[in-house]
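# Structure at a glance
As a plain string of letters, each chain reads:
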Amino acid sequence: MGSLSVDDQVYGSDGKPQRILGKSIPKMAEIYEVEFNDGEKVRCDGGHRWFVKTGDGQRSSFRVLTTEQMFLRENGHKVRYLRSGKLEISDEPIYGRPNKRMHLPRTPAVQMDEKEFTVHPYVLGLWLGDGHSSQAIITASNEDILHTRSMVESFGYVTTDQSTPCTFGIRDLKTRLRDLGVLGNKHIPDEYLLGSIEQRMDLIRGLMDSDGNVSKAGQCFFSQKDEKIIRSFRKILWSLGIKNTLSVTEYVESFGKRYYGPYYKVSFYKHGVATIPRKLSRTIDPDTSSNGKLIINSIKKLGYSEMVQCISVSNEDELFLTGENLFAGMNTKSEFASYLFPAWMLGKKPDIKIIQATHTADLAKSFGAKVKDLIDTDEIYKEIFPDVSLKKDEKAAGKWKTSSRGEYYAVGVGGALAGRGADLCVIDDPVSEQSVITTNDKAMFQACYDWYLTGPRQRLQPGAALVVVMTRWSKLDLCGRILDKAREDGELHEWEVIELPAILESGNPLWPGYWSLRELDKLKKELPVSRWSAQYMQQPVSQASSIIKRDWWKPWPHDHPPKCEYVIQSWDTAFTAKEAADPSACVELGVFYMDAPNGNKQANIIVLDAFQKRMEFPELKEEAWARYKLKEPDTVLIEGRSSGVPLIQELRMRGLPIQEFSGSVRGNDKTARVNSISDLFSSGVVWYPEGKKFADEIITQFEDFPVGVHDDLVDATTQALIRFRMGGFLPLDTDYEDEEDYEPVIANYY
């Protein structure tokens, strides 16, 4: 950690590079050694946080434990999780059934760019295993030589016959091997550890085709006397997310050859790590048992202290890959809000009273311990703030005082605060990401808000400050409820809201040097719209406030849309592309008919396409023309306001079938419009193509309406549905019946 700097990169739990945002102040701490079932070891301090699973049952889940807590657990202390999520560890050891071994989450292959290599990775691997150390000659068995020779030729190399039937040469390879520095010095060059996933897999395949074998049970083995090659081989496997183990023997006899130690053998499971058919057919992926898990075998106190340091990285799940075997370690995202900031405040005002809260009491106490240790033992802190010291008789991790009558109290959400007062209250992530993912209901957010009202809000002393730091998960979360109440009471000015969306209203990225717009757009396409909006844009979606519920939309499961009798292309236009304006949006909807239970034909609507973008008028005009020519709908519907007025005129002059939408439902009241077509959704006649991104965007905007930031897709869709209703395309059972028989007429309405 000490060699890393801010803006360096580590790999996140998704295998993608993540920049380091900050580092903690170095401090002395007692060192532990954690050993894994793959034989690797890592040293860390007792406060290092781990994301581990403590059992294999369906009810067990991954939880955050410190090294010290894991050490106590491994040494027989009772560990129990309460329903509140609190971790309880007994002071006295217990006997009987030991705790189950803990394991870490599986890690993916780290993602690197494809490289230009002097020698193709497969060919290099094959030569390293079965090649002449000073010649470009490969030796293989009678049953494998035709296959390996054809593999080499498939990568553009020319092979040559040699004096024996079990060898072949490779033209121009010797010069390349010399340039690579491996001729007469077999090893895997460092740059080959940094290729793309497929390039690293090709290197593994070449090595396995030469010096590997696969058992009938699917277990892969790679054997070598060269420790350097073995070490690099394991690094490549780890970088591909493949857990592996190493065994060393002093003597082995194989294929008539005798090897005198040490002789190394790596074992692992992975489908597709060889190309020779008899090997490839046996390869399998690891199952869910121990052969695919990174398990903690033991935790030891080493009996000495060293300088330790933590890093803060950008990955949202707080995990990054570390160690030789790239296990998932915890990010210190809260270092600044819950560690350095309180310590700095106590340095500036030693008599201040601080309440520190987070989603569990143990996590809050761990922050308290770090702040206490920083003030009590760190020489740099003492140099900056020489007048701050701790009261000698009160130094518990989550409850202590300074010699200047300052106080620090740590509490989990839901914990009691009776008798406590605060000049500063810091609430850091009042609900955990795991709770949101697994629960995410109104009761959870309501319980958090109720605790806030009866706890922290009543504990603030005159002139006190309250800081809430959190990811916005829902409009019902603590930030949302606090701001709604302040707005209702006319006290919004008392709050300073610092909101950091990944993409600003201007369309530019928040931090171009870190996240480019290209990278963010790619991420936006990969994530569900609701998750992207909440985690990256700070715009959570609220099902509770929706007029149109998400589950009212009906998914169309087929690859192709139904045949539509009439199609409307509906536009909601903004006046300019300025930052404050909504995008212009186009939604294409079609009406089709299905057999109803009563034997009649029931009209239905399906969303066929959607588009939104900030555009100045010339670009808007050309986009509308191009989309009409591409789809040729029956009608183009444009609201006669803003840039819609000149757009209608321009497109009519080009001969397009334009209809002007005038609103007709209480003027321009958008909420009234959406309410007027809500029965279409509740009646189950509005469909969307399953799996399409544009459909998810429309549904999310409707779900967020009327409190969402943008409603352009809502407006475009709503006016089209109103037009379908006005044209008689969508009669419902809820409509009032006319005295005379009425039959809807299907015609073009220009």
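So, here is what we can say about the structure in this document. Residue indices follow the written sequence of each chain, beginning from 1 at its first position. In keeping with the predicted nature of the model, local features appear solely for residues at pLDDT of at least 70, side-chain atom pairs appear and are counted solely at 80 or more, and the whole-chain, interface and lining totals rest on all residues. Think of the side-chain values as coming from all heavy atoms in the structure, minus any hydrogens and water.

Here we take up the nonpolar core. Residues belong to a common nonpolar core when they are buried Ala, Val, Leu, Ile, Met, Phe, Trp, Tyr or Cys residues joined through side-chain atoms within 4.5 Å. The buried label applies to any residue whose accessible area, calculated with a 1.4 Å probe on protein chains only, is under 20% of its type's maximum; exposed applies above 50%, and partly exposed to all values in between. V119, L124, I188, M208, F233 and F268 are the most contacted members of the largest nonpolar core, which has 45 residues in total. Put simply, the parts of the chain that give this core at least two residues each are α2 (121-130), α3 (145-154), β12 (167-170), α4 (173-180), α5 (197-211), β14 (220-224), α6 (227-239) and β16 (257-268). Considering each element in turn, this core owes the most residues, six residues, to α2. Y566, A603, V714 and A720 belong to the second-largest nonpolar core, a separate cluster that totals 37 residues. Helix numbering and strand numbering both begin at the N terminus, where a helix is a DSSP run of H or I of at least 4 residues and a strand a DSSP run of E of at least 2.

Between the N-to-C directions of two axes lies an angle of 0 to 180 degrees, each axis being a line fitted to C-alpha atoms and, for a helix, fitted only over the stretch in contact. For the pair helix α17 (residues 617-631) and helix α18 (residues 644-653), the least separation of the axes is 10 Å and the interaxial angle reads 45 degrees. Classified by the angle their axes make, α17 and α18 are oblique. By crossing handedness, the relation of α17 to α18 is classed as right-handed. Residue-level contacts link F617, L620, K621, A624 and W625 of α17 to P646, L647, E650 and L651 of α18. A breakdown of the residues in the contact of α17 with α18 according to their chemical character gives seven nonpolar, no polar and two charged. Relative orientations are named as follows: roughly parallel for angles under 35 degrees, roughly antiparallel for angles over 145 degrees, roughly perpendicular for angles from 65 to 115 degrees, and oblique for any other angle. Two helices that cross are described as forming a left-handed crossing if the nearer one is turned anticlockwise from the farther one by less than a right angle, and a right-handed crossing if clockwise. Contacts between residues were defined by any pair of non-hydrogen atoms, one from each residue, lying within 4.5 Å. We call Asp, Glu, Lys and Arg charged. Ala, Val, Leu, Ile, Met, Phe, Trp, Tyr, Cys and Pro are nonpolar, and the rest, Gly among them, are polar.

Our next topic: the side chain of Q356. In this fold, Q356 is placed in strand β21 (residues 353-358). Two N or O atoms form a polar contact when they lie within 3.5 Å of each other; inside protein one atom must be a possible hydrogen donor and the other a possible acceptor, and for residues adjacent in sequence the pair counts only when both atoms belong to side chains. A distance of 3.1 Å separates polar atoms of two side chains, one belonging to Q356 and the other to S338. When sequence neighbours within four positions are dropped, the list of residues in contact with Q356 reads A337, S338, P342, A364, F367, Y408, Y409, A410, V411, V426 and D428.

The subject of this paragraph is the environment of L637. Inspection of the secondary structure assignment puts L637 in strand β31 (residues 635-639). Each C-alpha atom, one on L637 and one on A720, is 7.1 Å from the other, the two residues being 83 residues apart in sequence. Discounting chain neighbours no more than four positions away, the residues touching L637 are I568, Q569, S570, W571, Q659, E660, F661, Q719, A720 and R723.

This part covers helix α14 (residues 478-488). Among all positions of α14, only L478, C479, G480, I482, L483 and A486 are buried. Of the surrounding elements, those touching the buried residues of α14 are β25 (422-428), α12 (442-454) and β26 (460-469).

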